[in-house]
Amino acid sequence: MMRQLRALGAAALFGGVLIGPAFSETESSATSSGADPVATQKALSVLLAAADDAIPAASSCHADFGQSGRAKVKDLLAMRMAYLYAGDNAIKGSCNKTQCTLSINHKAGEDVASAVISFRVSAGKARASSLQCVITP
């Protein structure tokens, strides 16, 4: 239960602190960074809608994130967002009608990490069965 609360807390921190300022930037600064804040918010929201869904063992996103029980989407997001406490961070997302991609990049000195998470969308929610990840430590 505590780990789930930590995961949700990390998601709230991420959404409130890291995403919030990005959406208040001017359109020109968002364009120069290559990120579309509206598209990023949509991709993240669709993925967060599936926060309690289990990640299939066959998925490239499946791992042990320190959770108890089966890995869930929120465990994956909490682990990826934990890197974003300092340094140069970028979150970019995009969606078409049935597919989304979310890219989370972190760089702080020699500490570099990234995750590209792709998934199908159904009824405004990510389908956990379709999650595919390319993750670097």
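Our subject is the structure listed above.
Before going into details, it helps to say that this report is about the structure given with it. (Residues numbered from 1 in each chain as written. Predicted model: local features only at pLDDT ≥ 70, side-chain atom pairs only at ≥ 80, totals over all residues. Heavy atoms only, no water.)

Bringing the overall build of the chain into the picture now. On a plain count of helices and strands, the chain comes out with 4 helices and 5 strands. Listing every helix and strand of the chain by position from the N terminus yields α-α-α-α-β-β-β-β-β. Each of the 137 residues in the chain was classed as buried or not, and the buried ones make up 35%. In the chain, the share of contacts with a sequence separation of at least 24, taken over all contacts with a separation of at least 6, comes to 44%. (Helix = DSSP H or I, 4+ residues; strand = E, 2+ residues; numbered from the N terminus. Buried < 20%, exposed > 50% of the residue type's maximum accessible area, 1.4 Å probe, protein only. Contact = heavy atoms within 4.5 Å.)

Working note: α-helix, 3.6 residues per turn, so residues spaced by three or four point in the same direction. The buried fraction of helix α4 (residues 73–82) amounts to 8 of the 10 residues, a majority that puts the element mostly inside the structure. All buried positions along α4 are accounted for by V73, K74, D75, L76, L77, A78, R80 and M81.

For the rest of this paragraph, the subject is the environment of N96. In this fold, N96 is placed in the loop between β1 (88–95) and β2 (99–108). The exposure class of N96 is partly exposed, given its relative accessible area of 47%. A distance of 2.8 Å separates the side chain of N96 from the backbone nitrogen of Q99, its partner in a polar contact. (Polar contact = N/O pair within 3.5 Å; in protein donor to acceptor, adjacent residues only side chain to side chain.)

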